[in-house]
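The residues making up each chain are set out below.
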Amino acid sequence: MTIAVLALQGAFKEHIDKLNELNIESFEIRQAADLTRHFDGLILPGGESTVQGKLLRELGIFEDLQKKIQEGLPVYGTCAGLLLLAKDIENDSRRHLALMDITANRNAYGRQLGSFYIESDFKGIGKIPMTFIRAPYIERVGESVEILAEVDGKIVAAREKNMLVTAFHPELSGNFLGGYSGTKEQNLAVHKYFSDMISL
Ligand code: GLN
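Residues numbered from 1 in each chain as written. Predicted model: local features only at pLDDT ≥ 70, side-chain atom pairs only at ≥ 80, totals over all residues. Heavy atoms only, no water.

Colleague: For this particular structure, what's the right way to read the overall build of the chain?
Modeller: Along the backbone of the chain there are 5 helices and 12 strands. In terms of overall size, the chain behaves like a compact globule, its C-alpha atoms giving a radius of gyration of 15 Å where 200 residues would be expected to give roughly 16 Å. With the C-alpha coordinates of the chain rotated into their principal frame, the extents come out at 40 × 40 × 30 Å. Pairs at least 24 apart in sequence give 64% of the contacts found in the chain among residues at least 6 apart. For the chain, the computed accessible surface area is about 9,000 Å², with 46% contributed by carbon and sulfur atoms. Positive and negative side-chain charges of the chain, numbering 22 and 27 respectively, have mean locations separated by a distance of 3 Å. (Helix = DSSP H or I, 4+ residues; strand = E, 2+ residues; numbered from the N terminus. Rg over C-alpha atoms; globule rule 2.2 N^0.38 Å. Contact = heavy atoms within 4.5 Å. Areas by Shrake-Rupley, 256 points an atom, 1.4 Å probe, with all protein chains shown as cover. Lys, Arg positive; Asp, Glu negative; His and termini not counted. Charge placed at Lys NZ, Arg CZ, Asp CG, Glu CD.)

Colleague: Would you take a moment to explain helix α3 (residues 62–70) for this structure?
Modeller: Helical periodicity: at 3.6 residues per turn, an α-helix aligns residues three or four positions apart in one direction. F62, L65, Q66 and I69 are the residues of α3 that are buried. Across the axial projection of α3, the buried residues extend over an arc of 100°, all falling on one side. Buried residues belonging to α3 abut β3 (41–44), α2 (49–58), β4 (75–78), α4 (80–85) and β12 (163–166). Directly after α3, the chain includes G72, whose backbone phi takes a positive value near 115°. (Buried < 20%, exposed > 50% of the residue type's maximum accessible area, 1.4 Å probe, protein only. Arc of directions from axis to C-beta.)

Colleague: How should I be thinking about the site of the ligand in this particular structure?
Modeller: As a structural note, the neighbourhood of the ligand is formed by G46, G47, E48, S49, C79, A80, L83, R106, N107, I133, R134 and H169. Here a nitrogen atom of the ligand sits 3.0 Å away from a polar atom, N or O, in the main chain of R134. Measuring from a nitrogen atom of the ligand, one finds a side-chain N or O atom of H169 at 3.0 Å. Surface burial for the ligand is 95%, taken as the share of its 300 Å² of free accessible area covered by protein chains. By residue class, the composition of the shell around the ligand is 4 nonpolar, 5 polar and 3 charged. (Near = heavy atom within 4 Å. Polar contact = N/O pair within 3.5 Å; in protein donor to acceptor, adjacent residues only side chain to side chain. Nonpolar A, V, L, I, M, F, W, Y, C, P; charged D, E, K, R; others polar.)

Colleague: Would you mind going over the packing of aromatic side chains with me for this structure?
Modeller: We describe a pair of aromatic rings using the distance from one ring centre to the other and the angle between the two ring planes. One pass over the structure, following the stated rule, counts 5 aromatic pairs. Both rings, one in F27 and one in F39, keep their centres 5.8 Å apart while their planes meet at 75°; by these two values the pair is edge-to-face. Highlighted residues: F27 in strand β2 (residues 25–29) and F39 in the loop between β2 and β3, separated in sequence by 12 residues. Taken as a pair, F27 and F39 share a single burial class, namely buried. Among the aromatic residues, ring-to-ring pairing joins F116, F132 and F168 into one connected group. In this arrangement the basic side chain of R37 is found over the ring face of F27, its NZ or CZ atom lying 3.9 Å from the centre. Stacked on the ring of F62, the Lys or Arg R57 has its end atom at 4.2 Å from the ring centre. (Phe/Tyr/Trp six-rings, centres within 6.5 Å; stacked < 30°, edge-to-face > 60°. Lys NZ or Arg CZ within 6 Å of the ring centre and 35° of its normal.)

Colleague: Explanation requested: the pairing of strand β10 (residues 146–151) in the structure shown.
Modeller: The two faces of a sheet get side chains in turn, since along a regular strand they alternate between them. In the sheet, β10 pairs with strand β11 (residues 154–160) via 5 bridges, with the strands oriented antiparallel. Residue pairing for β11: A149 is matched across the bridge by A157. Hairpin geometry of β10 and β11 is characterised by an intervening segment of 2 residues between the two adjacent antiparallel strands and by a positive phi of about 55° at D152. (Pairing = 2+ DSSP bridges.)

Encoded structure:
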């Protein structure tokens, strides 16, 4: 199995590290030509959704990527990646790939509470570490969307068919400033969940 990681901006390296730990092959998507390589799944990393959306268009990647996901390519969006996939964003006039039937609330926790860490339940996995950095949350989900995690009554992880999103950053679990960490299994759990989505 090979998973491509969008590497235009943001925390892509940390995703590749997690895939390496799971012995999953990966490569970075930096330009349109990279899309011609074979891959079974795609990770859209955290960062700045506005910058990433703009770069996707400028580099001529946007439409091909959108089409691949529409045709069923498994995709996992973290934080800014969640915003790229959301059909609707409550407090942003921009829309990006707009494929997943959710409404996201951008920078929803405000400036002061923008970044925090907790351990909370993820459906089918149990408690895992969750690192939030100026994160969005999901305000509305469509009928075909399964809610996978909620924190303080706010939806922070969900799945619709081939699309998985988390508002938090599992790629930082175990290496965030060398601190926050669960067990090895907990730190790899969401990436493992995504690889199961691809292979099952
Ligand atoms: N606040 C960022 C955005 O709006 C997302 C933050 C993140 O990816 N850590 O795109």
